[in-house]
Amino acid sequence: MKPRLGVFKFSSCDGCQLSLLDCEDELLAIADAIDIAYFPEATRKDDVGHYDIAFVEGSVTTAHEAELIQDIRARSSALITLGACATSGGIQALKNGADTAEFIATVYAHPDYISTLDTATPISDHVTVDFELRGCPISKHQLLELVAATLAGRAPQTPAHATCIECKLAGHVCVMVAGGQPCLGPVTHAGCGALCPGFARGCYGCFGPKETPNTAALSARLAANGTARRDIGRLFSTFNTNAPAFRAEAKAHD
Amino acid sequence: MTETTIKVDMLARVEGEGAFKVVVRDGRIVATEFRIFEPPRFFEAFLRGRDHSEAPDITARICGICPVAYQMSAVQAMEMALGVEVSQPARDLRRLLYCGEWIESHVLHAAMLHAPDFLGYASAIDMANDGHGDTVRLALELKKIGNSIVSAVGGREIHPINVKVGGWWKAPRKSDLMAVRDDLLRALDLAEAFVDFTAGLSFPDKERDYTLVSLKHETDYPMYEGRIVSNRGLDIGVEAFNAHFVENHVAHSNALQGRTAAGEAYLTGPVARYNLCHDQLSERARAAARRAGLDARCLNPYRSITIRAVEALFAVEEAIRLIEAYEEFDPACVDIVPRAGVGMGATEAPRGLLYHQYALAGDGSIETAQIVPPTAQNQPSIEADLESFIADVLDRPEEEIQLLCEQTIRNYDPCISCATHFLDLTIDRG
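Parameters at a glance
- Residues numbered from 1 in each chain as written.
- Chains lettered and ligands numbered in written order.
- Predicted model: local features only at pLDDT ≥ 70, side-chain atom pairs only at ≥ 80, totals over all residues.
- Heavy atoms only, no water.
- Helix = DSSP H or I, 4+ residues; strand = E, 2+ residues; numbered from the N terminus.
- Rg over C-alpha atoms; globule rule 2.2 N^0.38 Å.
- Buried < 20%, exposed > 50% of the residue type's maximum accessible area, 1.4 Å probe, protein only.
- Areas by Shrake-Rupley, 256 points an atom, 1.4 Å probe, with all protein chains shown as cover.
- Lys, Arg positive; Asp, Glu negative; His and termini not counted.
- Charge placed at Lys NZ, Arg CZ, Asp CG, Glu CD.
- Domains from an automatic or database assignment.
- Contact = heavy atoms within 4.5 Å.
- Buried area = accessible area lost by both parts, 1.4 Å probe.
- Salt bridge = Lys/Arg side-chain N within 4 Å of Asp/Glu carboxyl O.
- Polar contact = N/O pair within 3.5 Å; in protein donor to acceptor, adjacent residues only side chain to side chain.
- Pairing = 2+ DSSP bridges.
- Axes fitted to C-alpha atoms, helices over the stretch in contact; angles between N-to-C directions.

Q: Now, about the overall build of chain B: what can you tell me, with residues and values included?
A: When helices and strands are tallied, chain B shows 13 helices and 15 strands. Computed over C-alpha atoms, the radius of gyration of chain B comes to 21 Å, within 12% of the 22 Å expected from 2.2 N^0.38 for 430 residues, which places it in the range of a compact globule. C-alpha atoms of chain B, sized along the principal axes, occupy 70 × 45 × 35 Å. Here chain B holds 430 residues, and the buried ones make up 68% of them. With the model as given, the accessible surface of chain B reaches about 13300 Å², and the carbon-plus-sulfur share is 46%. Distance between charge centres in chain B, computed from 43 positive and 64 negative side chains, equals 1 Å.

Q: Would you mind going over the domain arrangement of chain B in detail, with residue names and values included?
A: Residue and element names in this part refer to chain B. Entries for chain B in the domain assignment read domain 1 (4–40 + 378–428) and domain 2 (43–377). Across the contact, 36 residues belong to domain 1 and 47 residues belong to domain 2. Between domain 1 and domain 2 the total buried area reaches about 3300 Å² when both faces are included, carbon and sulfur atoms providing 51% of it. At the surface where domain 1 touches domain 2, the tally comes to 4 salt bridges. Taking the shortest distance from any N to any O, the salt bridge between Asp-392 and Lys-206 comes out at 2.7 Å. On the surface where domain 1 and domain 2 come into contact, there are 18 residue pairs in polar contact (both at pLDDT 80 or more). The element that contributes the greatest number of residues to the side of domain 1 that touches domain 2 is helix α11 (residues 374–389), accounting for 9 residues.

Q: Go over the domain arrangement of chain A with me, naming the residues and quoting the values.
A: All names here are of chain A. Domains assigned within chain A are domain 1 (4–152) and domain 2 (163–251). Averaged C-alpha coordinates put domain 1 and domain 2 at centres separated by 25 Å. Tallying the contact residues gives 16 residues for domain 1 and 14 residues for domain 2. Regarding the contact of domain 1 and domain 2, the summed buried area is about 1100 Å², with carbon and sulfur atoms giving 55% of it. Considering only the side of domain 1, the residues that lose the most area to domain 2 are Ser-88, Arg-134 and Cys-136, jointly responsible for 46% of the buried surface there. Across the contact surface, domain 1 and domain 2 share 0 salt bridges. In this structure, the connection of domain 1 to domain 2 is made through 5 residue pairs in polar contact (both at pLDDT 80 or more).

Q: I'd like a description of the sheet that holds strand β4 (residues 76–82) of chain A, backed by residues and values.
A: Sheet strands associate in pairs through backbone hydrogen bonding, adopting either a parallel or an antiparallel arrangement. Residue and element names in this part refer to chain A. With parallel pairing, the 5 strands of this open sheet are ordered in space as β2-β1-β3-β4-β5. Pairing within the sheet leaves two strands with one partner each, and these edge strands are β2 (35–38) and β5 (131–133). Strand-to-strand twist across the sheet, computed as the mean angle between neighbouring axes with direction ignored, equals 30 degrees. Both strand β3 (residues 51–57) and β4 contribute to a ladder of 6 bridges, which runs parallel.

Q: How would you sum up the sheet that holds strand β6 (residues 212–216) of chain B? Please name residues and give values.
A: Residue and element names in this part refer to chain B. Reading across the sheet, the 4 strands line up as β8-β7-β6-β11 and stay open at both edges, with mixed pairing between neighbours. The outermost strands of the open sheet, each flanked by one partner alone, are β8 (235–236) and β11 (267–268). The pairing of strand β7 (residues 227–230) with β8 spans 2 bridges and is classified as antiparallel. Counterpart to Ile-228 in the pairing with β8 is Ile-236. On the sheet, helix α8 (residues 270–277) packs against β6, β7 and β11 and is oriented at approximately 65 degrees with respect to β6.

Structural data, given as structure tokens:
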């Protein structure tokens, strides 16, 4: 029997699950190895039964989503989150701590039609998560590694060291030391292959914090390079704004 | 009185979460509701106080399917607010990036999401396993080539990292783009074969007298820039958008609904662009359209699948042209001096017109943001199509009606993640 896969969407942009359809060379092979039983972005099949693997994209921002994740967890053997929204809350977690009513009134003419929680929270705040794949969006290569590892029953090889290490391996000139640009590479989880420095741009942290990140030391260096306090705060509060290490550093620069 | 409700609570093969309901009383449709329940994420609220330079990367996250569209409208609005002109080579490179997104998004929708409706499958994977493997593999190859443009120019397929207010972070090497050109030359035949595939599908014989709205450019088929025009004589600069179009908030949708200032529904996207700007398509794209049975005028929305294929072919040709003419430029970006100002930007996302407007404070931070995505503008038109097109099939089995409704909605390639601020189907027969 092929393992049954369900792909679920919470509050998100659809980009991480699209990464599965973006595996153009591998998609049909994946469909041979896995029974893609529920994946509404790609198929009409209904959400029924038990899943061997559940991929969850997006964060919890409504009462309905908070209930739904419990139901999916109860019907899944392995629950794996895909991307920054599901793993830390995503860009929409910028509403955490803000005045929700004022946010609704800013966007909608009839606030009473809108139902939303005050926070955007990661899936792990609600249920046990078996593995979290980082990135905004996730890396296609890491997704394929995750699928292969899951089918083989081993842990995926997705190192938790810094983007800085990937950058050195790629042989890029340091955009911060040589270019004076703000860069989150020293504190950001690897996975993208140090994409931004390859385009002469500082890392903006879309894979979230690495293991044991020293964000305070980085902030001191950014400040010494002339980055304004407000800009340091902004740098830590984007797509992983609710990841504890980034949230704390942003708060220290309020 | 007989009452029936036909509904779908979770519309599949669209980007995001939406639902649909048709209410039938005594064999007549009395209401259609296209509902977007995708949770609101409040981009226009949390953009306030962010720096102008952050808008392209933040707004890209509204939609993983068409992030380039968000980046392109955002940078143009910011550049207007800041009073900077971007060089022609930098603008040409933006059009090249956009060609990549048009190819990958159009082929994804036409082959993987819409074609199964015409052929009676739940998904493209089922199509591939039941005799259509060659078509699905062709489409995947074409989509991959589109994505390779986005990666080569933008750094990665989803949420590209190279777009910058004022230009680019780094102009790509000509040799890297020429490597993609080799694949694009192959893609010409793939895209033409894909147009021919869509021509073999059978289309419901339906059309409506739509108000069509798209960008129009002096010389080029609309994509990255132009004026806003309609088939009712509208011809305005992008900055006048809010004087001619309004957004309404209705109880059944987390997406605002776009209408003309006179309250009319209008249609934006491939069908609008094709009808309004047909003469700007390349000779090869027009010839492929003719072979597929399309005239210069086409108001049958089910044929949008062919128009998407034609536009994908056009985008392949255009990308080849742009790459061949490309010369590396330096600096990659013009200097920006923060200032207070208001700026507007509109571009043609694969699924239609995408409008951004920002007001900036003197330090360059965002005071207000307004984002009007194509699916929000198309919602009233989707509801009108459902009302108009399914009236004569109400005696058919529920499953058949439901499938036709879903196909009708998918004509729009609705992007619900974008529009929130969309889909499930209900037919209420009481």
